[in-house]
Amino acid sequence: MGMTMGHYTISASSGARDLAPVALCIHDLLGHLPVTARSRDQPGVRVEDGNVIDEAYTGPVLEEVLRENVIKRVQPPAGPYKGIPVVVAPVRDNEGRAICAVGIVDVTGIFDLADLMRQNAKIKREVCGEDPCPLPTESSAAKR
């Protein structure tokens, strides 16, 4: 059989059209969370709601990740995701150099778990006072 395998390459000079299929795949895998990607040498893509909405995209965190070659979990200081938690990771070549960066909105960073637990405890105190809530003799099923 004369079958040939498909070949797909991402490089430091990949453009938006090169990065779009990978960004769309990640977008689909993550339940349509926004995804951004750019190569070291060229702007890339921004994907939202199942579509590429920008084919000349770059952002401050993508650029930092390419420069520093590290994963970053931050809230961007500027751009369309300003103040929204994101996580951005480098795609590295065989020598470990960052050639591309891919970012997503970090839904795990939207809530600070410790703060959420403090708020939950405060709400319980306001509703139940010092008594346990529900009382040990009460069951959740009995309240339905």
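Please refer to the structure placed before this passage.
Residues numbered from 1 in each chain as written. Predicted model: local features only at pLDDT ≥ 70, side-chain atom pairs only at ≥ 80, totals over all residues. Heavy atoms only, no water.

Participant: Describe in detail empty space enclosed by the protein, supporting the description with residues and values.
Facilitator: Per the counting criterion, the structure on display carries 1 cavity of 30 Å³ or more. Size it by volume and the largest cavity reaches roughly 130 Å³. Lining of the largest cavity is provided by 18 residues; of these, Thr36, Tyr57, Pro76, Tyr81 and Val86 occupy positions nearest its centre. Of all the secondary-structure elements, those providing two or more residues to the lining of the largest cavity are strand 1 (35-39), helix 2 (60-68), strand 5 (86-92) and strand 6 (98-105). Along the lines of polarity and charge, the residues of the lining of the largest cavity split into 14 nonpolar, 4 polar and no charged. (1 Å grid on protein atoms, 1.4 Å probe; cavity = no way out; pocket = protein on both sides within 12 Å on 5 of 7 lines; lining within 4 Å. Points joined across faces, edges and corners; volume = space filled by probe spheres on them. Helix = DSSP H or I, 4+ residues; strand = E, 2+ residues; numbered from the N terminus. Nonpolar A, V, L, I, M, F, W, Y, C, P; charged D, E, K, R; others polar.)

Participant: So what about the pattern of salt bridges? Which residues, and what values?
Facilitator: One pass over the structure, following the stated rule, counts 8 salt bridges. Residues Asp41 and Arg40 are paired through a salt bridge, measuring 3.0 Å at the closest nitrogen-oxygen approach. Asp41 sits in the partly exposed class, given a relative accessible area of 43%. The residue Glu48 makes a salt bridge to Arg46 at a minimum N-O spacing of 3.2 Å. The residues Glu48 and Arg46 share a single accessibility class, namely buried. Connected via shared salt-bridge partners are Glu64, Glu68 and Lys72. (Salt bridge = Lys/Arg side-chain N within 4 Å of Asp/Glu carboxyl O. Buried < 20%, exposed > 50% of the residue type's maximum accessible area, 1.4 Å probe, protein only.)

Participant: Give a detailed account of the nonpolar core, specifying residues and quantitative values.
Facilitator: The nonpolar side chains of soluble globular proteins are, as a tendency, buried together. One finds Ala12, Ala16, Leu19, Ala20, Ala23, Val35, Ala37, Val45, Val47, Ile99, Cys100 and Val102 forming the largest nonpolar core, which totals 12 residues. Secondary-structure elements contributing two or more residues to this core are helix 1 (16-29), strand 1, strand 2 (44-48) and strand 6. Take this core: its biggest share by element is 4 residues, from helix 1. Residue contacts for Cys100: discarding those within four places in its chain leaves Ile10, Leu19, Arg38, Ser39, Arg40, Leu66, Ala89, Pro90 and Val91. (Core = buried A, V, L, I, M, F, W, Y, C linked by side-chain atoms within 4.5 Å. Contact = heavy atoms within 4.5 Å.)

Participant: I'd like a rundown of the environment of Arg46, residues and numbers included.
Facilitator: Take Arg46: it is sitting in strand 2. Once the C-alpha coordinates of Arg46 and Tyr57 are considered, the two residues, 11 residues apart in sequence, prove to be 6.0 Å apart.

Participant: Would you mind going over the sheet that holds strand 3 (residues 51-57) in detail, with residue names and values included?
Facilitator: Overall, antiparallel pairing links the 6 strands, which are arranged 3-2-1-6-5-4 in an open sheet. Sheet topology places strand 3 and strand 4 (72-74) at the edges, where each strand pairs with a single neighbour. Direction aside, neighbouring strands of the sheet carry axes that sit 15 degrees apart on average. As judged from the 5 bridges shared by strand 1 and strand 6, these two strands associate in the antiparallel manner. When the sheet's bridge partners are listed, Arg38 is paired in strand 6 with Ala101. Packing of helix 1 onto the sheet brings it into contact with strand 1, strand 2, strand 3 and strand 6, and relative to strand 2 it is tilted by some 30 degrees. Docked against the sheet, helix 2 engages strand 1, strand 3, strand 4, strand 5 and strand 6, running at close to 145 degrees with respect to strand 6. (Pairing = 2+ DSSP bridges. Axes fitted to C-alpha atoms, helices over the stretch in contact; angles between N-to-C directions.)

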